[in-house]
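Residues per chain, in single letters:
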Amino acid sequence: MKRKKILFTGGGTGGHVTPNLAISQSIQKVYPEAMFYYVGKKGKAEESMVPKGWKNLFSESRASLHFVSTTSGSIKNPKVLLTLFLGFLQAVILLMRHRPHVIIASGGYVSAPILFAAGLLRKIRFISSKIMLHEANAEVGKMIQMAIRFADIVAYSFPGTKIDKTKKRFVGYPVRESIVQKSLEIKGQSKDAAREKLGIPANAKFILAFGGSQGARTINRGIIEALPILLADPDVHIMHGTGKKLVGAAYDGYQDVQQRLAQKKESLPSDFDKRYTYKDFMDNIGDYYAAADLVVCRGGAGSLVEVCANGIAAVCIPKADLAGDHQAVNARVLERLGAINIIFESKDPLDPASVENINATDFGNLVLSLLNDPEKRAEMGTIASKQYDPTTAQKCAQLVQYLLGDLLQEPELREETSLPEEAILGKGLLSIISMLHKKGADSLTPEQRRLALYKIDIAASQKSFVLPARACRMIGAGKFTERIDIVLNFALNKQKSPFTRRDAFVGLRHLGVINTEVVQTILEGCSDPYFETVNEALYALFSLLKENLVLDRFSHDRSITDESVSNIKAIDSMKSNIIARVKKLCSSSEFDIRMNALGVLSILMDDFPSINELLKQNFFHPNWQVRKKIVECYDILYQRNLVTLKEIQDILKNDFLQTSNGFDMDFLLKSEIKTIFQKESNRKFTDELRSIIFSSQTKKDKETRLITMEKTNSLLTTKEIVDQLLSYTPADFFTHRQESIQSSSMTEEEKEQELSRLLKYQTSHLEISKSK
Amino acid sequence: MLNFLAHTITGFPALHVLTYTTTRAIFGFITAFLLSLILGRPIIKRLFLSGFRDYPRDFANFSSGSKRGTPTMGGVLIAITALLSIFLWADLSEMRVWIVMLSMLIFGTLGYLDDYAKAKHKDADQGASRIFKMIPQILFGLFLGTLAWKNYGNIFFSTTLTGFGDSIFIPFIKEPLFHGSFFMLLFGVVWSGGISNAVNYTDGLDGLLSVPAFFCFLVLGVFAFVMGNSVISEYLIYPFLSGAEELAVLCSIFMGCCLGFLWFNSFPAEVFMGDCGSLMIGGVLMTISFLLHQEAILIIAGGIFIFQFMSSIIQELFLKYRGRRLFRSAPFHEGLTKSYKMAEAKVVVRFWIVSSMLAAFALLTLKLR
């Protein structure tokens, strides 16, 4: 048999390297003679991890480690492009020289040069390497996403990962042999034995908390903050791995914990140092796993798979990271299966100096409730251990064998649990916002609202121009009234970008909350230096006032609470204030500011001649949108009973410039095509409409049903609806009415009465139509 | 080719009329226009069938008012008619004609690749990357700059003005402002990248590009005719460039192409020009103005392009570094249609009017200096 050559690539962080090393171990078992290559980037995790992991291979000179030039960042940046191009050339040389049989990549920008080079060389048939990708996280990384095209097989770790169907294989997260062995040992080891070894009482409730080798600030601080709550239960014991400070790292977990503990000492029970221990590094972590009742950890794929392997209930605190929410998505998959619970970290968006933290009370209570519920913990543990497959690395090796043709049949893989698609996490803010606008804020489940709030907090605390602005929009779109203080703060915050201030007002408009604070903020926003902000502030004021003060045909389903009444009264008292401020903007040179100011005034001013004078000044405004707004203003004034329709008609007919250069085109051929496309939905809609109109319900019921219909259907214009309805003959009406009387729940007597009345009506109707 | 035939066939004195520049220019104009009419329908059909269009995937949102689904890449029509007319009417022994055709090839291909990528991904943002487009533009700019600086092939040789190649002229002043020597390289690069992109930015509404381009070609054609004619150039005190009048023929051919394209592109459009057309027109305008060293004239006559381009660039910088908009919307025509909600046909016709005014102003500099 010819010596097989296997090339691994991927890295940048340890999370990309460990699965590769695990797969390489199992491949070594299948192909004991094989040659191994690893391609990484100098100075990254792989430089130290690979020689450690492949010690034996290196000593037999069967393995080598190569470095290529590569970097993360946008490909549009010329520097990045140049670096990647150099790396690409290096990769081409490497591939042509060694001609590996299989290329295994775990993603990350480090694998970019090799993957692109391999994709190209394979296409022009210079090499015939097979390409296998492995995605460790529940969300597909950018690099893997791009490389799926060239790959033969894409193995993945979490159920529900979105990958092209023909290529995806669910294997799980490959774990190194030694760890598999250890986990089996732990399962064999009894809890009591482990506890005896560690000196923990057998009846204790033991928590193991750690944040990886470097430690996690959020977990360290969260544990310390929650200590008074946790240690109040005399049975709780805690082992806390703070993490070791690496050379060059900014955060020293051990020192941080030491300091914070010293400050907290007074509020802790006197025996706390017996029940709470912290170490910078735990070398016998297996024992702790065996003894633990509950684990508190990060959401990296590696930590989660350890939790699953040990079958322990866990509380996960994923790292907040907007570049795709990797950890949060991973943890969510397990949470939805029921294996773990998540506490999201958040950051105070209003305080730029704040760091990510968790709510210690929530965290402490969640941990305590889990500790006091052994049945639930047991259930979580069983679900978790089902998610773990010790043979993952072997399966990967078998897949490699299959790719090389040494295994005729594809290895049988685990069935993946199917999960419904996630609507919030792992999606961009813009797509969530448009989803919310489309489906309405009520469509979110409480679970989804929690995730959305987490996204909002993280986005709002970013420093960029765009993300806080989008967070404001999202608050409005989802009607997250609990975050209104963010919007109110951002709207007047001159440190934020102008876009953020503008979008804060957009958010306010969609939120629909009106009280004195909101109005005050808007009035202050009217003196913003940026014109779009002023306009949005006025528009928000206009639509909020219109929604709340002007009564129209949608008004009767408005919920009226004591709070809203008092709010409106308060605004009423501010009226003169608002009018004075907005009147100044009526002569603004920006047309949209001017038109919204007019709109606000027509809602608030009670004196028709003076508002009419203001409107009249704009009757010949060169921008027709201002004039369109004036028509709307008159409609509002009419609804407020300040003017009669006759008067409005006179004004608009005689003094108002009606010609404009706003014009919409309509392709006649396309509208014909459209009717064909929409025939089915139109028919359904008008049928429903007809059934409402002709039914024997009360007028009010009909109205509410019609309103809900109007809100949901946006396909037809009013004219089209009328046209469709007119196409029904009077005979249709009578048969319909008859049917609905027959099927209604009236008594026989009433029915007969009703039918006779209908008959009378029908004959008279026919007579009238004849005489016409 | 007809010019060549008229020279070789000696028996018919009537054929001699085909050697005059003016007659060839007018015949070229008519030919290009008629060719566009003849070839227009089949090419539009071809483009539609080969998928250079966008189509909504969701029929529920099918809008009868939107222009989606209109075939794009109509620049192919311009290229074909222009090339056929050039082969018929231009003097192919003139080097300048070949340089213009080279620019057509380079910029047309660039635009084609861009359009192709967009059509393939069905997404207007997925076109060829900016860097990819920039490299050939820079190379062509360097090529033109070298020709001007070193005066290879005597393309920039004037019998009446020594050192014409690296001179920089501005309107209203007879003498060259200064001699650029090797700065011509830099100038060539800026000119090449700037103008072709500026024209590209302007494209966006039906007929918004073809008519301003028509006026630019008209102005440049007049200047080419003046500078290529020994008598008129002496009278108007312009450097005499032997053979430059051939560029006037090219200009009038392109005028015909623009009009022929407008036949189909006028509101509501049956075909879009695409980047293929806009980059190519930009490249040709840029090359002709550089060959005549009348860059400033193009800046005046094509003021619309420059204005659109600069406003977009400034807007983009503000978006990126200040987090706000400076203008309501950029390029300018988008502001008018999207923010001021002005009807498209109105905006386009107003742009035409402005560009005709600019062209008149540019022609004024012919005598006023």
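As the structure is a prediction and not an experimental result, all values here were calculated from the model.

Our next topic: the packing of aromatic side chains. In this structure the tally under the stated criterion is 35 aromatic pairs over all chains. On the basis of an interplanar angle of 80 degrees and a centroid distance of 5.9 Å, the ring pair of F156 of chain B and F290 of chain B is categorised as edge-to-face. Taken together, the residues F156 of chain B in the loop between α5 (130-150) and β1 (167-168) and F290 of chain B in helix α10 (residues 274-292) connect sequence positions 134 residues apart. Ring-pair connections join several aromatic residues into one group, and the members of that group are F8, F36, Y38 and W54 of chain A. Looking at K629 of chain A, its charged tip hangs above the ring of F542 of chain A, at a distance of 3.8 Å from the centre. Taking the ring centre of W149 of chain B as reference, the NZ or CZ of K150 of chain B above it sits at 4.3 Å.

Attention now moves to the packing of helix α21 (residues 484-492) of chain A against helix α23 (residues 516-525) of chain A. Residue and element names in this part refer to chain A. Axis separation between α21 and α23 bottoms out at 9 Å; the angle between their running directions is 20 degrees. One finds that α21 runs roughly parallel with respect to α23. Considering only the axes of α21 and α23, their crossing is left-handed. Contact residues: α21 offers I484, L488, A491 and L492, while α23 offers E517, V518, T521, E524 and G525. In terms of residue class, the contact of α21 with α23 is made up of five nonpolar, two polar and two charged.

It is worth spelling out the pattern of salt bridges at this point. Between side chains of opposite charge, pairing is possible as soon as their charged atoms come close. Applying the stated criterion across every chain, the model contains 41 salt bridges over all chains. Across the salt bridge formed by D606 of chain A and K575 of chain A, the nearest N and O atoms sit 3.1 Å from each other. Taken together, the positions of D606 of chain A in the loop between α26 (591-604) and α27 (608-616) and K575 of chain A in helix α25 (residues 562-585) put the pair 31 residues apart, joining distant regions of the chain. According to the relative accessible area criterion, D606 of chain A is partly exposed, its value standing at 49%. Given a relative accessible area of 18%, K575 of chain A falls into the buried group. Here E632 of chain A ties to K629 of chain A by a salt bridge, and the two come within 3.9 Å at their closest N and O atoms. Here K629 of chain A and E632 of chain A lie together in helix α28 (residues 624-639), a separation of three residues that amounts to about one turn. On the accessibility criterion, E632 of chain A (27% relative accessible area) is partly exposed. Through salt bridges with shared partners, one network takes in R473, R502, D503 and E532 of chain A together with R325 of chain B.

Calculation rules
- Residues numbered from 1 in each chain as written.
- Chains lettered and ligands numbered in written order.
- Predicted model: local features only at pLDDT ≥ 70, side-chain atom pairs only at ≥ 80, totals over all residues.
- Heavy atoms only, no water.
- Phe/Tyr/Trp six-rings, centres within 6.5 Å; stacked < 30°, edge-to-face > 60°.
- Helix = DSSP H or I, 4+ residues; strand = E, 2+ residues; numbered from the N terminus.
- Lys NZ or Arg CZ within 6 Å of the ring centre and 35° of its normal.
- Axes fitted to C-alpha atoms, helices over the stretch in contact; angles between N-to-C directions.
- Parallel < 35°, antiparallel > 145°, perpendicular 65-115°, else oblique.
- Left-handed = near helix turned anticlockwise from the far one by under 90°.
- Contact = heavy atoms within 4.5 Å.
- Nonpolar A, V, L, I, M, F, W, Y, C, P; charged D, E, K, R; others polar.
- Salt bridge = Lys/Arg side-chain N within 4 Å of Asp/Glu carboxyl O.
- Buried < 20%, exposed > 50% of the residue type's maximum accessible area, 1.4 Å probe, protein only.

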